[in-house]
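Structural overview for review
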Amino acid sequence: YSRQIVIKKIGLIGQKKLLNSKVLIIGAGGLGSPIAIYLAASGIGTIGIADNDNVEISNIQRQILFNIKDIKKNKSITAVNKLKQINPNLNIIYFKNKIKKNNIDKIGKNFDIIADGSDNFKTRFLINDYCLKNKKILVIGAISKFDGHIYTFNFHNKKSPCLKCFIPKMPSNNDYDDCENEGVIGPLAGIVGSIQANEIIKEILKIGNSLCGYILIINSLNLTFKKIKLKKRPKCSCNEI
């Protein structure tokens, strides 16, 4: 970690904070892959990987944790084996479960930060509500075609908005997988996932400008980045917590 420790805003104290942190990554796909790789390499002490899917050949285009030999293997188990090769000293836990209302607390309760790399609104809304209720930090990424969105919600801060402040009602196609139906350019997953990892490290170290209270919108076709203010919606359920 010498290239991190030499940075004045990190140093040995910051590196110890990373080693003592616990991050759960929900979804080991296009976003979860770069998030997991960079967090493992950065020295995050405990990483959880939750994904019940198996690797498919169409995943290889953007899910950089996997290769052709991993097809038909469970993503979460395979991810742990790959991450251990990057950093064998870390505590990496897998959850071969689909995140549901009846298991999210059991899976997420021991983690400080949750990285959402899921691919459907039903799961995103569930994770949002869980993190809000339990005052966890949530970093969400979403990708489709050439477009990506990144949100950070720090629910330790009562002023933090939540996902429902931006999307008040779950879309009717809540199980819709944008990548499967609309496609996605491979490098976009790496861009968004890497920024999610960067935001997680910043939140742990409490350095830089937090993305909390903003949406980062990326268009990789035109190479534009827009940071838009996101305020709490007055009638949003997050005001009741």
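Predicted model, so just to flag it, every value in this text is computed and none were measured.

What counts, and at which threshold
- Residues numbered from 1 in each chain as written.
- Predicted model: local features only at pLDDT ≥ 70, side-chain atom pairs only at ≥ 80, totals over all residues.
- Heavy atoms only, no water.
- Buried < 20%, exposed > 50% of the residue type's maximum accessible area, 1.4 Å probe, protein only.
- Helix = DSSP H or I, 4+ residues; strand = E, 2+ residues; numbered from the N terminus.
- Pairing = 2+ DSSP bridges.
- Core = buried A, V, L, I, M, F, W, Y, C linked by side-chain atoms within 4.5 Å.
- Contact = heavy atoms within 4.5 Å.
- Salt bridge = Lys/Arg side-chain N within 4 Å of Asp/Glu carboxyl O.
- Axes fitted to C-alpha atoms, helices over the stretch in contact; angles between N-to-C directions.

**Digging into the pairing of strand β4 (residues 113-116)**
Side-chain alternation along β4 places Ile113 and Ala115 on one buried face and Ile114 and Asp116 on a second face that is also buried. Relative to β4, strand β1 (residues 22-26) runs parallel, the two sharing four bridges. Opposite Ile26, over in β4, you have Asp116 as the bridge partner.

**What to know about the nonpolar core**
In terms of nonpolar packing, the biggest core is built from 41 residues, with Val23, Ile25, Leu39, Ile47, Ile49, Ile143 and Ile200 touching the most fellow members. Going through the elements one at a time, β1, α3 (32-42), β2 (46-50), α4 (75-86), β4, β5 (137-144), α9 (186-205) and β7 (214-219) are the ones with two or more residues in this core. With nine residues, the single largest contributor to this core is α9. If near-sequence neighbours (up to four positions away) are discounted, Ile47 is found in contact with Val23, Ile25, Ala36, Leu39, Ala40, Leu90, Asn91, Ile92, Ile93 and Phe111. Grouped together as the second largest cluster of nonpolar side chains are 29 residues, Ile104, Tyr130, Tyr151 and Cys165 included.

**Topic: the pattern of salt bridges**
Note on pairing: side chains with opposite charge can pair once their charged atoms come close. Going through the model one piece at a time under the given rule, you end up with five salt bridges. Asp129 serves as the salt-bridge partner of Lys164, at 3.0 Å between the closest nitrogen and oxygen. Remark: Asp129 occurs in helix α6 (residues 121-134) and Lys164 occurs in helix α7 (residues 163-166); sequence separation between them is 35 residues. Where Glu199 meets Lys202, a salt bridge forms, and the shortest distance between an N and an O atom there is 3.0 Å. Linking Glu199 with Lys202, this pair stays in helix α9, spanning three residues, or about one helical turn. Relative accessible area serves as the criterion here: at 6%, Glu199 is assigned to the buried category. Lys202 sits in the buried class, given a relative accessible area of 16%. Here the salt bridges do not stand alone but share partners, grouping Asp70, Lys73 and Lys82 into one network.

**So, the sheet that holds β7**
Taken together, eight strands build an open sheet; the order of strands is β3-β2-β1-β4-β5-β6-β7-β8 and the sheet is mixed. Where the open sheet ends on each side, the last strands, each with one partner, are β3 (91-95) and β8 (224-229). For this sheet the average axis-to-axis angle between neighbouring strands, irrespective of direction, equals 15 degrees.

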